[in-house]
Amino acid sequence: MTATENCDELKAGDELDKLVACVVLGYGKIGPYSTDIAAAWKVVEHLRMRGFFQFQVWNYLYVWHASFANADFSFADLEVDAPTAPLAICRAALKARRS
């Protein structure tokens, strides 16, 4: 599995946080992105500043969903789900950067 393949299967924790720091944020500063909503929101802001203007996160039937898209919605198929909002954000961010 490469760094961004099978994002839907990645678990919250240090390994995912390292991937987010390197692949999404582009630096080695590792934070609790996949477990802390404040840290995950930094990921959202980072992607918004890089052209992913459309972002959604919502909860439906106890499952969190997240997606990123650029201004013309060409990345609209990047929706993911997870048991927590920070994990959903991280998974969606990795998919967005992979596209």
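Heads up: the structure comes first, above all this text.
Residues numbered from 1 in each chain as written. Predicted model: local features only at pLDDT ≥ 70, side-chain atom pairs only at ≥ 80, totals over all residues. Heavy atoms only, no water.

Trainee: Explain the packing of helix H1 (residues 14-25) against helix H2 (residues 37-48) here, please?
Mentor: Helix-helix packing is described using two parameters, namely the angle between the two axes and the distance between the axes. Orientation of H1 relative to H2, taken along the N-to-C sense of each, is 15°, at an axis distance of 11 Å. One element, H1, and the other, H2, form an angle in the roughly parallel class. Crossing angle aside, the handedness with which H1 passes H2 is left-handed. Contacts from Val20, Val24 and Leu25 of H1 reach H2 at Val43, His46 and Leu47. Along the lines of polarity and charge, the residues of the contact of H1 with H2 split into five nonpolar, one polar and no charged. (Axes fitted to C-alpha atoms, helices over the stretch in contact; angles between N-to-C directions. Helix = DSSP H or I, 4+ residues; strand = E, 2+ residues; numbered from the N terminus. Parallel < 35°, antiparallel > 145°, perpendicular 65-115°, else oblique. Left-handed = near helix turned anticlockwise from the far one by under 90°. Contact = heavy atoms within 4.5 Å. Nonpolar A, V, L, I, M, F, W, Y, C, P; charged D, E, K, R; others polar.)

Trainee: Even after reading the chapter, I still don't get unusual backbone geometry, so can you show me in this structure?
Mentor: Note: most peptide bonds trans; most residues except glycine with negative phi. The phi dihedral of leucine 61 falls on the positive side, at around 55°, and the residue is not glycine. By the secondary structure assignment, leucine 61 is in the loop between strand E1 (54-60) and strand E2 (63-69). Unlike most non-glycine residues, tyrosine 62 shows phi in positive territory, near 70°. A relative accessible area of 76% places tyrosine 62 in the exposed class. (Buried < 20%, exposed > 50% of the residue type's maximum accessible area, 1.4 Å probe, protein only.)

Trainee: Please explain the packing of aromatic side chains as it appears in this structure.
Mentor: Here a ring pair, both rings aromatic, is described through the centre-centre distance and the interplanar angle of the planes. Counting across every chain of the model gives two aromatic pairs. For the ring pair tryptophan 41 and phenylalanine 55, a centre distance of 5.5 Å and an interplane angle of 80° mean the geometry is edge-to-face. With tryptophan 41 in helix H2 and phenylalanine 55 in strand E1, this residue pair connects regions lying 14 residues apart in the sequence. Judged by its relative accessible area of 19%, phenylalanine 55 falls in the buried class. Plain terms: the ring middles of phenylalanine 55 and phenylalanine 68 are 4.8 Å apart, the flat faces sit at 40° to each other, and that makes the pair tilted. Taken together, the positions of phenylalanine 55 in strand E1 and phenylalanine 68 in strand E2 put the pair 13 residues apart, joining distant regions of the chain. In terms of burial, phenylalanine 55 and phenylalanine 68 fall into one category: buried. Through successive ring pairs, a cluster of aromatic residues spans Trp41, Phe55 and Phe68. (Phe/Tyr/Trp six-rings, centres within 6.5 Å; stacked < 30°, edge-to-face > 60°.)

Trainee: Looking at this structure, how should I read helix H3 (residues 85-98)?
Mentor: Because an α-helix packs 3.6 residues into every turn, residues spaced three or four apart end up facing the same way. Taking 1.5 Å of rise per residue, the 14 residues of H3 would be expected to cover 20 Å, and the 20 Å separating its terminal C-alpha atoms lies within 8% of that figure. The element H3 is extensively covered by neighbouring structure, given that 12 of its 14 residues are classed as buried. Buried within H3 we find Ala85, Pro86, Leu87, Ala88, Ile89, Cys90, Arg91, Ala92, Ala93, Leu94, Lys95 and Ala96. Against H1, H2, E1, E2 and strand E3 (80-82) lie the buried residues of H3. For H3, the capping residue at the N-terminal end is threonine 84, with a side-chain oxygen 3.3 Å from the backbone nitrogen of leucine 87. (Expected span 1.5 Å × (residues − 1). Polar contact = N/O pair within 3.5 Å; in protein donor to acceptor, adjacent residues only side chain to side chain.)

Trainee: Explanation requested: the pairing of E2 in the structure shown.
Mentor: Regular strands show a simple pattern: their side chains alternate between the two faces of the sheet. The buried count for E2 comes to five of seven residues, which makes it a mostly enclosed element. Of the strand pairs in this sheet, E1 and E2 are connected by seven bridges, and their pairing is antiparallel. The residue bridging phenylalanine 55 from the neighbouring strand is phenylalanine 68, located in E2. From the end of E1 to the start of E2, which pair antiparallel, there are two residues, and leucine 61 there has a positive phi angle of about 55°. Across three bridges, E2 lies against E3 in antiparallel orientation. Residue pairing across strands places tryptophan 64 opposite alanine 82, the latter belonging to E3. (Pairing = 2+ DSSP bridges.)

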